[in-house]
Amino acid sequence: MNECFVTAVPAKLVPFLWNKAIGFLAPAIEKSNGEATAENIYKSCCADDSLLVLISKDEAVIGAAILSIYTYETGKKVLSICQLGGTDMKDWLDKACEFAMKTAISTGCEEIYAIGREGWERALADQGYSKLHTIVSIKVEKKI
């Protein structure tokens, strides 16, 4: 088994590498409940407001993630793993979590939030992540 690499993409290189990432991010974007689009994520990464992360193996990209930093009104600062996807997850999940932890430490974040579908709760449990919130929703409809 060849080694996997987790690499941050500088904002100025996002236009050149976006096509290698979007296929892995698209399923997460589709499940975002309309909260994210490929276009707004792309713009955020190009503006250096979010970080595009590529996961590679044998010189091929096998995964991608989007990391963003949020500072709440209380001053609490968190690193959010907003979108994440790829193949051969068992080969790279440990390194991706280590990368996220180093990024959180270097940016002064207190916590890391991984936002996604329920399957990530199981996948990240061995890394020490635990369920923080459950979010339920209903569409607002004007009833006459």
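Since the model is a prediction, treat every value here as computed from it, not as a measurement.

Asks: Whenever I open this one, helix H1 (residues 14-30) confuses me. Can you help?
Replies: The α-helix winds at 3.6 residues per turn, so residues separated by three or four positions along the chain end up facing the same way. The first and last C-alpha atoms of H1 sit only 21 Å apart over 17 residues, clearly below the 24 Å expected at 1.5 Å per residue. Its axis deflected by about 50° at Ala-21, H1 carries its strongest bend there. Every buried residue of H1 is accounted for by Val-14, Trp-18, Ala-21, Leu-25 and Ile-29. Along its buried surface, H1 packs onto strand E1 (4-9), helix H2 (38-46), strand E2 (50-57), strand E3 (60-71) and strand E4 (77-86).

Asks: Help me understand the sheet that holds E3, please; the structure alone is not making it clear to me.
Replies: Whether parallel or antiparallel, the strands of a sheet pair through hydrogen bonds between backbone atoms. Taken together, 5 strands build an open sheet; the order of strands is E1-E2-E3-E4-E5 and the sheet is mixed. Only two strands of the sheet have a single neighbouring strand rather than two, namely E1 and strand E5 (111-114). Averaged over neighbouring strand pairs, the angle between their axes works out to 25° when direction is ignored. Across 4 bridges, E4 lies against E5 in parallel orientation. If you follow Leu-79 over to E5, its bridge partner there is Ile-112.

Rules used in this analysis
Going along each chain's sequence as written, the residues are numbered from 1 onward. Note on the predicted model: pLDDT of at least 70 is required for a residue's local features to be given, and 80 or more for side-chain atom pairs to be given and counted; whole-chain, interface and lining totals, by contrast, use all residues. The side-chain numbers reported here are obtained from all heavy atoms of the structure, hydrogens and water having been left aside. Strands here are runs of E lasting at least two residues and helices are runs of H or I lasting at least four, both read from the DSSP assignment and numbered beginning at the N terminus. Multiplying 1.5 Å by the residue count of a helix minus one yields the expected span of that helix. We define the bend at any residue as the angle between the axes fitted to the seven residues before and including it, ending there, and the seven starting there. Burial classes follow relative accessibility: with a 1.4 Å probe on protein chains only, a residue under 20% of its type's maximum area counts as buried, one over 50% as exposed, and anything between as partly exposed. The contact rule is simple, with two residues in contact once any of their heavy atoms fall within 4.5 Å. A strand pair is defined by DSSP finding two or more bridges across the two strands. Note on definitions: angles span 0 to 180 degrees between N-to-C directions of axes, and those axes are lines fitted to C-alpha atoms, for helices only across the stretch in contact.

Any functional reading would require information that these geometric values do not contain.
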